[in-house]
Every structure is written in structure tokens, then in C-alpha cells.
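Structural description and commentary
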Amino acid sequence: MTHYALTMLAAGIGIPVLAALNAALGVRLGSPVSAAMILFFIAILSTSLVWFTLGRPSLTEAVAAPKHLFLAGVLIAFYVLSITFVAPKFGVGNAVFFVLLGQLISTAAIDHFGLFGAKVTPLNLMRATGISVMVLGVWITQRA
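Predicted model, so just to flag it, every value in this text is computed and none were measured.

Within the protein chain one finds six helices and zero strands. Its helices and strands taken in sequence order, the protein chain reads α-α-α-α-α-α from the N to the C terminus. Considering only C-alpha atoms, the protein chain reaches an extent of 45 × 40 × 30 Å along its principal axes. In the protein chain, buried positions account for 16% of the 144 residues. Counted over contacts in the protein chain with a minimum sequence separation of 6, partners at least 24 positions apart contribute 53%. Roughly 10400 Å² of accessible area belongs to the protein chain as shown, and the carbon and sulfur atoms make up 77% of that amount.

Structure below.
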């Protein structure tokens, strides 16, 4: 379980770095959309390398998968485009603060209702308090 936590910690560290790098690239290019396209090109190359390295499992099951599951691709494009547009004007810290706030809200709902096949973890008073403390901590960090 520790390796899962460390993997997700690394992913969490990467999100603001991604935001800052892609926002800077968008400013340098004068086009946040071009920066996002380049990011996705590099991402598909990286993912392809991992896919080939791990033995290329079949993608034929994707045809039968429920179509709403592909919304994840739209959501990642929305995130990358929005952070690339907004961060240079609003600040990386402010942009990521609201991303974190959105993540806390949606995570609570997804876990509480078991949406998209997630493990059900009811939103009880203890969890709500913990989420509130996290929100407060992020807010305090931004105000400092």
C-alpha cells in the first residue's frame, strides 16, 4: 500500500509542476492551445512507450466499454486547457487551489455514492470534518 501512496504523492506533486510548465509554454508560444497540443503529443508518446514496454494488452474491449467512460479524455483536455489559459493570469497557486477544492468536492461525492464503480465510502461526520480541514489548510496556505 505504501507504493500506492508514494505513486499518488508523486502524481500530486506533478500536477502543479505540469500547470506551471504548460502555462509558461503557452505564454512563450503565444498560444495555450498549442502548448496543450504539444503536451498531449508528448503524453501519447510517453504512454505508448509504457504500453509497448508492458506487453501491449488488447484494446478490443474498448469498443464494448460504456461510452461515458471516455469522458475522462474530455476532462483531462479541459483540465490542461483551462490550467494553461488561467494559470498565467490567475497564478499557479490560485489555479491549483481551486482544482484541489474541486477535487475534494467531487471525491467526496464519488466515494459517497460509489460513482463510476468506485468503492463506496460514506461521507460521515469524521470524513466531512477531515475534508473541511483540508480545504481550510489549502485556503490558509493561499492566504499566507
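With that settled, consider a nonpolar patch on the surface. A surface patch of nonpolar side chains, amounting to about 560 Å² of accessible area, comprises Leu29, Ile38, Phe41, Ile42, Ile44 and Leu45. Tracing the chain through its elements places Phe41 in helix α2 (residues 32–53). Assessed through its relative accessible area of 51%, Phe41 is described here as exposed.

We now examine the packing of aromatic side chains. To describe a pair of aromatic rings, you give the distance between the ring centres and the angle between the ring planes. Counted under the stated rule, the structure contains three aromatic pairs. The interplanar angle of 65 degrees and the centroid separation of 5.1 Å between the aromatic rings of Trp51 and Phe52 together place this pair among those described as edge-to-face. Phe52 sits in the partly exposed class, given a relative accessible area of 49%. Taken together, the aromatic side chains of Phe90, Phe97 and Phe98 make up a single cluster linked through ring pairs.

For the coordinates displayed, the defined rule picks out one salt bridge. Between Arg127 and Asp111 there is a salt bridge, with its nearest N and O atoms 3.4 Å apart. One end of the pair, Arg127, is in helix α6 (residues 125–143); the other, Asp111, is in helix α5 (residues 92–113), with 16 residues separating them in the sequence.

Right, let's get into the nonpolar core. Soluble globular proteins tend to bury their nonpolar side chains together. One finds Ala19, Ala23, Ala36, Leu39, Tyr79, Val80, Ile83, Ala87, Ala95 and Val96 forming the largest nonpolar core, which totals 10 residues. Contributions of two or more residues to this core are made by α1 (2–29), α2, α4 (71–90) and α5. In terms of residue count, the dominant contributor to this core is α4 (four residues). For Ala36, the contacting residues outside a window of four places in its chain are Asn22, Val80 and Leu81.

With 20 residues, α4 extends 27 Å from end C-alpha to end C-alpha; this agrees with the ideal 28 Å at 1.5 Å per step. Of all the bends in α4, the largest measures some 25 degrees and sits at Ile83. Residues of α4 that are buried: Tyr79, Val80, Ile83, Thr84 and Ala87. In this fold, the buried residues of α4 make contact with α1, α2 and α5.

About the cut-offs
Residues numbered from 1 in each chain as written. Predicted model: local features only at pLDDT ≥ 70, side-chain atom pairs only at ≥ 80, totals over all residues. Heavy atoms only, no water. Helix = DSSP H or I, 4+ residues; strand = E, 2+ residues; numbered from the N terminus. Buried < 20%, exposed > 50% of the residue type's maximum accessible area, 1.4 Å probe, protein only. Contact = heavy atoms within 4.5 Å. Areas by Shrake-Rupley, 256 points an atom, 1.4 Å probe, with all protein chains shown as cover. Patch = residues over 30% accessible without salt bridge, like charges linked within 9 Å, V, L, I, M, F, W, Y side chains within 5 Å. Salt bridge = Lys/Arg side-chain N within 4 Å of Asp/Glu carboxyl O. Phe/Tyr/Trp six-rings, centres within 6.5 Å; stacked < 30°, edge-to-face > 60°. Core = buried A, V, L, I, M, F, W, Y, C linked by side-chain atoms within 4.5 Å. Expected span 1.5 Å × (residues − 1). Bend = angle between axes of the 7 residues up to and from the residue.

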